[in-house]
Each structure stands twice: as C-alpha cells, then as structure tokens.
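# Coordinate analysis (summary)
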Amino acid sequence: MSEFIAVIPARYASTRLPGKPLQDICGEPMVVKVWRQALQSRARRVVVATDDARIQEAVEAVGGEALLTAAEHPTGTDRLAEVAETLGLAGDEIIVNVQGDEPLLPSTLIDQVAGCLADDTLASIGTLAETIDTADALFDANVVKVVRDGQGRALYFSRAPIPWDRDAWREHSPRRGQDSPEWPVSATDTPWLRHIGLYAYRVSFLNAYRGWAPSPLEKIEQLEQLRALHHGHRIQVALATERHPAGVDTASDLERVRRLVERQLGKE
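The sections below set out a description of the structure shown in this document. (Residues numbered from 1 in each chain as written. Predicted model: local features only at pLDDT ≥ 70, side-chain atom pairs only at ≥ 80, totals over all residues. Heavy atoms only, no water.)

### Brief notes about the pattern of salt bridges
When the charged atoms of two side chains lie near each other, side chains of opposite charge can form a pair. For the coordinates displayed, the defined rule picks out 15 salt bridges. Measuring nitrogen to oxygen at the nearest pair gives 3.6 Å for the salt bridge that ties Arg243 to Glu130. Of this pair, Arg243 sits in the loop between β11 (235-239) and α10 (251-267) while Glu130 is found in strand β7 (residues 125-131), placing the two residues 113 residues apart along the sequence. Arg243 gets classed as exposed once you look at its relative accessible area, which sits at 52%. A relative accessible area of 8% means that Glu130 is categorised as buried. What you see here is one network of salt bridges that share partners, running through Glu3, Arg44 and Glu93. (Salt bridge = Lys/Arg side-chain N within 4 Å of Asp/Glu carboxyl O. Helix = DSSP H or I, 4+ residues; strand = E, 2+ residues; numbered from the N terminus. Buried < 20%, exposed > 50% of the residue type's maximum accessible area, 1.4 Å probe, protein only.)

Structure, rendered in structure tokens:
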C-alpha cells in the first residue's frame, strides 16, 4: 500500500458545540481520541491542523504533532492545503482528511480510503460510501447520496434521493404530510449509497483547489465535493468495509459517544 499522511483539521469554534475538539471523552479531549484512532492506521505521519493554540497544546501534551494554521480558512480542505504547503509535500503524495469530531472512526477506513485513491492513478480524490437501507435515510437531506460510474468514480453527489427509481417510486414516493415514506420491495436492489465524508487527496489537487471559487452546483447543494467534479477531477468511491459510526455535532451526540467509549473501555 502507498504511503500517506493523516491530517486532522480541528477548529475551536462550533456553532452547535463550542470548543468541540476539547470536549472531554473519558478523560481526554475529543481531538486526542481522534488522533489516537488515526495512529492505529498505516499513516506514516499523523498531524492535527488547528486554528487554536489550546488545541495544539492538548495534542502536544500527549506527544502528538500539531500545526497552528490560519484562522480564516473557509473549509477543512483549505486547511489541508496549507498543511501540505507547510510540510513541503510533493504533488503525488496522499493526504487523508480525518474529521476531528469522529472519535469512533475505525482506523481500517482510514487505510481503505488511502488505498482507494492510490489504486486509481487517474483520480484526484478517494472517498467511501455505504448502502442505504431505509426510506427515512434516503429522503433525509442531511444524508448525502452518491451515484457512481462503472469504474467506481462519482458521477454526482446530492441531498436528494438519487438515483430516482421512476417505476418503483411511482406508487411509493412520499406524499404531502406523510412522515415516513414506504420502502418499495421492488426497489431493494437499487444501488442507493450514502456518502461517507472521509477523503483522501493528492497534494496536487489541494494545490489547485485553493484557487477555485465555489461552483454553482456546490452552492445549490451545499456540498463541497461538487467543486472538484465541476473542475473535471475524478473522485473514486469505494464501498466501506465496515460501518462508519456517526460523529459529534451536538451535545447529545457527545453524550452518546461518551457512553460508547465507556463501554469499550469497560471491555478492556
């Protein structure tokens, strides 16, 4: 497997959960938990990229590597590009973006997404997806859907239920006032896929990305990955080898993760 670097972007500010990276999970800041998960991967180097000295200090206190980056980056991808420049990485090197609010992320998925990109030499980005098996998830705008071509590369990402199975949904599509659309038995073989927001990038792509304005479709869907497709870059999408656990967005998410980690520690 090709070498890669794991980078964990971690912003202090969070609208729904202020100071999220430093929230305690069983005695350690969340960002440290994420860092420990990334260390279990095959990454040759794990770096936390942050805009706050308190996060940098928390990571360095446990022996981790953290870089203080600019505060004004509009996206985590822009922060990764700064890290690549600071570290002087070559254009063909691979960086895996590990979200700083996913302390339960399996290290195997980090390795998988890096390998997914390494194996497709024509792709600029690698990412993962998993099957959708409920109508509620399919019609949930917070669940991002993806469709792929015959080589596993992304054709499009959307918050809408794509592909639209015209015949199957003719009788089963949700109607006004209907909370839970029925899942059509006739459509269970349709390849509906939920996109997992775990990315591997070639450094050459990150260097180009910094100069691009948001694309029209990106503005409509509010999906950053559409900017890459707009500029003609290929995104390889592999089916995740294991389920991707939800991250931490809210205080209730944080409590859920704390309970899961407590149970895991109790088994050790």
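Read on for the rest.
### Points about unusual backbone geometry
Of note, the amide linkage connecting Ile162 to Pro163 takes the cis form, showing an omega dihedral of -5°. Relative to the assigned elements, Pro163 resides in the loop between β9 (154-158) and α6 (166-169). At Cys26, a residue that is not glycine, the phi angle is positive and equals roughly 55°. By secondary structure assignment, the location of Cys26 is in the loop between β2 (24-25) and β3 (28-29). Phi at Gln222 takes a positive value of approximately 60°, unusual for a residue other than glycine. Here Gln222 lies in the loop between α8 (216-221) and α9 (225-230).

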